[in-house]
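Below, each chain spelled out in residue letters.
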Amino acid sequence: MKNIFYLVVLGLMLAACREPFPALPATPTPTPTATPTPTPTPETPENFTVAFIGDQGLGSDSQAVLQLIEDEGADMVLHQGDFSYNDDPDTWDQQINDILGDSFPYFASIGNHDEAAWSGYQQKLQTRLDKISGASCSGDLGVQAACTYQGIFFILSGVGTMGSGHEDYITTQLAQTDKIWRICSWHKNQRFMQVGDKTNEVGWTAYDNCRLGGAIIATAHEHSYSRTYLMSNIENQTVVSTSSTLTLDAGQTFVFVSGLGGNSIRAQNDSLAANPWWASVYTSTQNANFGALFCIFNYQGTENTAHCYFKDIDGSTPDTFDLISNL
């Protein structure tokens with residue numbers, strides 16, 4: 001009987017072994033976590049402010065404009081020529097140092113009143129450039145140079161004042177940059193691109209080559225402030241739009257004269273000031289005072305926008321406009 005019992009038990013055990021074990025629950029395959037694409041850091045810092053001036057001189061009015069630039073929190077100056085008016089690079093440079101500091105990002109193009117002492121002025125600009133972290137310029141500084149600073153590309157040109165081959169240089173340099181903010185800076189004018197009594201001293205090719213590259217055209221020479229509407233042909237003064245928001249692109253830009261840096265203020269030529277391409281005119285006829293044009297790039301964190309305004313040392317703002325870069 002015992003043997004039969006053991007055989008029965010053994011049979012039951014073998015039968016149990018033949019029963020399939022319950023399947024273990026499958027381990028779920030983990031869902032891959034998407035790696036977020038980092039947002040590129042804008043080349044131009046948020047609210048990066050550039051002050052544009054020309055025709056400066058030495059003395060209290062010039063110093064007041066520099067103080068305005070400091071008070072507005074500008075990060076950089078682009079000076080469109082005519083520095084001290086008395087061939088004095090040392091005093092001119094010291095005037096800037098006293099208010100903005102000796103390493104403040106200050107870039108300039110030659111003006112007709114700078115020619116006699118240009119080697120001294122250029123050395124001051126080079127010494128300053130060497131102290132500006134992240135700034136790079138190639139070429140003949142202040143005469144035929146291409147520079148980049150904080151994502152802004154700008155050409156410092158002596159067209160109409162010193163040197164040759166400027167028009168081709170402008171075209172070549174603009175074709176090589178991928179920056180969305182581009183500026184052509186020089187001193188002199190064409191008669192229809194100012195509202196005083198200046199004559200044709202630059203030629204239209206330089207203007208239109210900058211336009212084709214989508215570059216803002218910054219000038220001085222006439223001691224007043226004026227700005228065009230958005231234009232698709234500068235030689236023919238073809239206006240694209242009269243909006244206060246200007247969309248820059250290859251083939252369309254605007255021109256301004258910012259010549260109220262401190263030396264003197266002149267009246268308008270009424271017939272020139274009445275031309276329909278002018279968005280803003282500010283001269284002694286409008287009781288202008290000295291001041292600067294300020295443009296705030298990467299405005300409020302939108303990389304391809306800028307907010308610009310001309311402000312004088314009394315706090316008046318006769319011109320305000322916005323920019324969008326489609327470059």
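Note that this is a predicted model, so its numbers are computed, not measured. Here the residue numbers are simple positions, counted from 1 along each chain's written sequence. Local features in this predicted model are restricted to residues of pLDDT 70 or higher, and side-chain atom pairs are both shown and tallied only at a pLDDT of 80 or more, whereas totals for entire chains, interfaces and linings draw on every residue. Side-chain numbers come from the whole structure's heavy atoms, not from hydrogens or water.

What follows deals with the state of the cysteines. Here, the term disulfide refers to a pair of cysteine sulfur atoms separated by no more than 2.5 Å. Taken as a whole, this structure holds three disulfides when the rule is applied. Covalently, Cys137 is tied to Cys147 through a disulfide, its sulfur atoms 2.1 Å apart. Torsion about the S-S bond of the Cys137 and Cys147 cystine: about 115 degrees, corresponding to right-handed handedness. With a gap of 10 residues between them, Cys137 in strand 4 (residues 136-140) and Cys147 in strand 5 (residues 144-149) connect regions that are remote in the sequence. Under the DSSP-based scheme used, a helix requires at least four consecutive residues in state H or I and a strand at least two consecutive residues in state E, with every element numbered from the N terminus.

With that settled, the discussion passes to the pairing of strand 16 (residues 305-312). Within strand 16, seven of the eight residues are buried, leaving the element largely enclosed by the surrounding structure. Where strand 15 (residues 291-297) and strand 16 come together, seven bridges link them in antiparallel fashion. Looking at strand 16, one finds that Ile296 is bridged to His307. Pairing between strands requires that DSSP locate at least two bridges from one strand to the other. One ladder, built from six bridges, connects strand 16 with strand 17 (residues 319-325); its direction is antiparallel. Of the residues in strand 17, the one forming a bridge with Cys308 is Phe321. Remark: six residues form the turn of the hairpin made by strand 16 and strand 17, two consecutive strands paired antiparallel; Gly315 in that turn has positive phi of roughly 95 degrees. A 1.4 Å probe rolled over the protein chains alone gives each residue an accessible area, and that area as a share of the maximum for its type sets the label: buried under 20%, exposed over 50%, partly exposed in between.

What follows is about the environment of Asn97. One can find Asn97 in helix 3 (residues 89-100). A sequence separation of 31 residues divides Asn97 from Arg128, and the C-alpha atoms of the two residues are 10.0 Å apart. When checking whether two residues touch, look at their non-hydrogen atoms; a contact exists if any pair is within 4.5 Å. Not counting residues up to four positions away in its chain, the partners in contact with Asn97 are Asp102 and Arg128. Whenever two N or O atoms come within 3.5 Å, that pair is a polar contact, provided that in protein one can donate a hydrogen and the other can accept it, and provided that, for residues adjacent in sequence, both atoms are side-chain atoms. In this structure the side chain of Asn97 is engaged in a polar contact, spanning 2.5 Å, whose partner is the side chain of Arg128.

Between rings of Phe, Tyr and Trp, where Trp is taken as its six-membered ring, a pair exists when centres lie within 6.5 Å; planes separated by under 30 degrees are stacked, by over 60 edge-to-face, and by other angles tilted. Taken as a whole, this structure holds 18 aromatic pairs when the rule is applied. Measuring from centroid to centroid gives 4.9 Å for Phe107 and Phe154, while their planes differ by 65 degrees, and the two rings are edge-to-face. Remark: Phe154 occurs in strand 6 (residues 152-157) and Phe107 occurs in strand 3 (residues 106-108); sequence separation between them is 47 residues. For the pair shown, Phe107 and Phe154 are each scored as buried. Judged by centre distance (5.1 Å) and plane angle (90 degrees), the ring pair of Trp186 and Tyr207 falls under edge-to-face. With Trp186 in the loop between strand 7 (181-185) and helix 6 (204-212) and Tyr207 in helix 6, the pair connects residues that are 21 residues apart, well separated along the chain. In this pair, the class of Trp186 matches that of Tyr207, namely buried. An aromatic cluster is built from Phe83, Trp92, Tyr106, Trp118 and Tyr121, whose rings are joined through pairwise contacts. In this scheme, the term charge over a ring applies when either NZ of a lysine or CZ of an arginine sits within 6 Å of the ring centre and within 35 degrees of the ring normal. The ring of Phe321 is capped by Arg227, whose NZ or CZ atom sits 4.0 Å from the centre of that ring.

Another point: the sheet that holds strand 14 (residues 278-282). Read from one edge to the other, the open sheet built from eight strands follows the order 4-5-6-7-8-13-9-14, with strand pairing classed as mixed. Edge positions in the sheet fall to strand 4 and strand 14, since each of these pairs with one other strand and no more. Neighbouring strand axes in the sheet, compared pairwise and without regard to direction, differ in orientation by 15 degrees on average. Pairing geometry for strand 7 and strand 8 (residues 216-219), over three bridges, is parallel. Here an axis means a line fitted to C-alpha atoms, over the contact stretch when the element is a helix, while the angle between two N-to-C directions is reported on a 0 to 180 degree scale.

Attention shifts here to the sheet that holds strand 17. Spatial ordering of the open sheet is given by 3-2-1-15-16-17-12, a layout of seven strands whose pairing is mixed. Edge positions in the sheet fall to strand 3 and strand 12 (245-248), since each has one partner strand and no second. Between one strand and the next, the sheet's axes are offset by a mean angle of 25 degrees, whatever the strand orientation. Sheet topology places strand 12 next to strand 17; four bridges connect them, and they run parallel. When the bridges of strand 17 are listed, Thr245 appears paired with Asp322.

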